[in-house]
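# What the coordinates show
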Amino acid sequence: MAAKNNALSKPVNLSPELEAVVGKGPLSRAQVTSKVWEHIKANGLQDSKDKRMINPDAKLSAVIGKDQISMFKMTSAVNKHLS
């Protein structure tokens, strides 16, 4: 079982672009990931043919870029907005 002070549970600061998607920080990395997925699902941003691909809207494109991105690469794009 993971320790309670692991990297996923420590609060991190968010860039203004990421705050526009997930809300005001600081949040833990786990909360950021969860809120990004809430945004994706609420706005229907998963590709209809390949659910592993994300089609960013205006808010999310400020964080991950304007092009379609794999959900596996999205985490590294979001991490650039954490400090």
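Rules used in this analysis
- Residues numbered from 1 in each chain as written.
- Predicted model: local features only at pLDDT ≥ 70, side-chain atom pairs only at ≥ 80, totals over all residues.
- Heavy atoms only, no water.
- Helix = DSSP H or I, 4+ residues; strand = E, 2+ residues; numbered from the N terminus.
- Buried < 20%, exposed > 50% of the residue type's maximum accessible area, 1.4 Å probe, protein only.
- Contact = heavy atoms within 4.5 Å.
- Core = buried A, V, L, I, M, F, W, Y, C linked by side-chain atoms within 4.5 Å.

### Observations concerning the side chain of S70
Along the chain, S70 turns up in strand β4 (residues 69–70). Taking the relative accessible area as the measure of exposure, S70 reaches 16% and is therefore buried. S70 has contacts with R52 and M53, leaving out every residue within four places of it along the chain.

### Quick word on the nonpolar core
With 19 residues, the main nonpolar core has L14, L18, V32, V36, L60, I64 and M74 as its most contacted residues. Broken down by secondary-structure element, the contributors of at least two residues to this core are α1 (16–22), α2 (29–42), α3 (58–64) and α4 (71–79). When residues no more than four places from it in sequence are discounted, the contact partners of V32 are L14, L18, V22, L27, V78 and L82.

Read these as spatial facts, not as claims about activity.
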